[in-house]
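Letter by letter, the chains look like this.
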Amino acid sequence: MSIDGDILRLLAIGGPVFPEDIQRKLGIEQALLQKHVSALAALGYEISHTPHVGYRLISIPDRLHADAIHAFLPPDSLVGSDIHVFQETNSTSDIVERLARDGAREGTVVFAEAQTKGRGRLGRKWFSPNREGLLCSILLRPQLHPTQAVQFTIAGAVAVARAVHAETGLQPQIKWPNDVLLAGKKFSGILTELHAELDRISYLVIGIGVDVNTLAFPPELQEIATSLRLESGRMITRVKLAAKILAELDACYDDIRSGGFERISDQWEQWCTTLGKSLRIDTGGSIIEGVAEALDADGSLLVRSAHGRLERAIGGDVRIIKN
Ligand code: BTN
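Keep in mind that what you see is a predicted model, and the values were worked out from it rather than measured. (Residues numbered from 1 in each chain as written. Predicted model: local features only at pLDDT ≥ 70, side-chain atom pairs only at ≥ 80, totals over all residues. Heavy atoms only, no water.)

Chemist: How should the site of the ligand be read in this particular structure?
Modeler: Around the ligand, the structure places 20 residues, and the nearest of them are Ser91, Gln115, Arg119, Arg121 and Lys186. In the model, a nitrogen atom of the ligand is placed 3.1 Å from a nitrogen or oxygen of the threonine 92 side chain. With respect to the ligand, the backbone of arginine 121 contributes an N or O atom lying 2.7 Å from an oxygen atom. Contributions of two or more residues to the shell around the ligand are made by α5 (92–101), β5 (134–140), β8 (185–196) and β9 (201–210). The element contributing the most residues to the shell around the ligand is β8, with four residues. For the shell around the ligand, the residue count by class is six nonpolar, eleven polar and three charged. (Near = heavy atom within 4 Å. Polar contact = N/O pair within 3.5 Å; in protein donor to acceptor, adjacent residues only side chain to side chain. Helix = DSSP H or I, 4+ residues; strand = E, 2+ residues; numbered from the N terminus. Nonpolar A, V, L, I, M, F, W, Y, C, P; charged D, E, K, R; others polar.)

Chemist: What exactly am I supposed to notice about the sheet that holds β8 here?
Modeler: Two orientations exist for strands paired in a sheet by backbone hydrogen bonds: parallel and antiparallel. If you walk across this open sheet you meet the seven strands as β3-β4-β5-β9-β8-β7-β6, and the pairing is mixed. In the strand order of this sheet, the two ends are held by β3 (82–86) and β6 (173–175), each with one partner. Strand-to-strand, the axes of this sheet are offset by a mean angle of 20°, without reference to chain direction. Contacts between helix α6 (residues 150–168) and the sheet are confined to β5, β6, β7 (179–182), β8 and β9, with β8 contributing the most and set at about 145° to the helix. (Pairing = 2+ DSSP bridges. Axes fitted to C-alpha atoms, helices over the stretch in contact; angles between N-to-C directions. Contact = heavy atoms within 4.5 Å.)

Chemist: Would you mind going over the nonpolar core with me for this structure?
Modeler: Here is a general trend for soluble globular proteins: nonpolar side chains tend to be buried in one another's company. Counting residues in each nonpolar core, the largest one holds 81 residues, and the members touching the most others are Phe111, Ile138 and Leu228. Ignoring anything within four residues of it in the chain, the contact list for leucine 228 reads Val164, Leu170, Leu182, Phe187, Val210, Asp211, Val212, Gly233, Ile236 and Leu241. Counting eight residues, the second-largest nonpolar core is a separate cluster that includes Ile95, Ala104, Leu139 and Tyr203. (Core = buried A, V, L, I, M, F, W, Y, C linked by side-chain atoms within 4.5 Å. Buried < 20%, exposed > 50% of the residue type's maximum accessible area, 1.4 Å probe, protein only.)

Chemist: Can you help me understand the pairing of strand β10 (residues 278–282) in this one?
Modeler: Strand residues, when the strand is regular, have side chains that alternate between the two faces of the sheet. Two strands pair when backbone bridges link them, and β10 and strand β11 (residues 287–295) are joined in this way by five bridges, in the antiparallel orientation. Within the sheet, the bridge partner assigned to isoleucine 281 lies in β11 and is isoleucine 288. Hairpin remark: β10 followed by β11, antiparallel, with four residues in the connecting loop; positive phi at glycine 284, about 100°.

Chemist: Got a minute to help me understand the packing of aromatic side chains in this structure?
Modeler: Aromatic rings considered in pairs are described by the distance between their centres and by the relative angle of their planes. Applying the stated criterion to the full structure yields two aromatic pairs. Ring centres of phenylalanine 127 and phenylalanine 217 lie 5.8 Å apart, and the angle between their planes is 50°; on these two criteria the pair is classed as tilted. Placement of phenylalanine 127 in the loop between β4 (108–112) and β5 and of phenylalanine 217 in the loop between β9 and α7 (228–232) is noted, with a sequence separation of 90 residues between them. Among the residues examined, phenylalanine 217 registers a relative accessible area of 8% and is labelled buried. When the ring centre of tyrosine 253 is taken as reference, the NZ or CZ atom of arginine 257 above it lies at 4.2 Å. (Phe/Tyr/Trp six-rings, centres within 6.5 Å; stacked < 30°, edge-to-face > 60°. Lys NZ or Arg CZ within 6 Å of the ring centre and 35° of its normal.)

Chemist: Looking at this structure, how should I read the pairing of β4?
Modeler: Most of β4 sits inside the fold, with five of its five residues counted as buried. Burial along β4 is two-sided: the face carrying Thr108, Val110 and Ala112 and the face carrying Val109 and Phe111 are both buried. Sheet topology places β3 next to β4; five bridges connect them, and they run parallel. Looking across to β4, one finds that aspartate 82 is bridged to threonine 108.

Laid out in structure tokens, this is it:
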């Protein structure tokens, strides 16, 4: 990390920090510290300096910056160990895809302030206005069977729900497999793209879109989409939320790798709106209709049909028919 990033990390902990402590920890002179604090101030980081108290981070600019996201991440987080931020791209998932093919390490994350070809599941577009939301894609290389990939979509949704709750106090709900909702409207979606051999995942690209500070949606989304700002009535600091989502996903990835997916599915059940509801899932090739009964150990949804048969869905377009 850069010196700016190191200073931000020390200040991000919350309390004031004596300049002498920062100098000692970073091995820099007072003049260099002051130069970096002034440079951060010029970028919009508001840092107070009170004699005998120290430096305190008052506010951060509403701009995604790799150093700033790093500063709010636990230092040992694998997810986010390498962060790239683009001002605009076609799709962050395309960039990660390219990095993956070039051998990038797992945990690499790409953010964009805007996307020109943001994509969602089932060939849909993802509305990606400039600097209003979080648009990111994460590269993972789990040593797992391809059928377990749906666990990562579930983990992504749980990570978003947990992070949003921690940062805003709101109570999101998850609609299987990948929609995260507030007041019945979607504010976040997860798109997991899988690259696999017959029996082994080569790599996964987990794309996460979150409508954070959006105030106006295009007409076709107005009835079905919302944002954290619309639901909470306040601007949300995107950098902190971004770091929290990555940290939560990192914790979920630890659980998946150690065979503890039940810990995630238990959490998922707490946030879930799907279980117990009558629904219709269009899987692309077939229709599954019935009552959502449980999340299976691999992340698939078990649906009890009217004839009493238990059917398994690993993805598709879900319509709730009856609550
Ligand atoms: C969905 O709900 O259909 C999934 C939406 C996923 C959108 C994100 S935004 C960042 C990443 N890049 C993309 O092009 N898509 C995902």
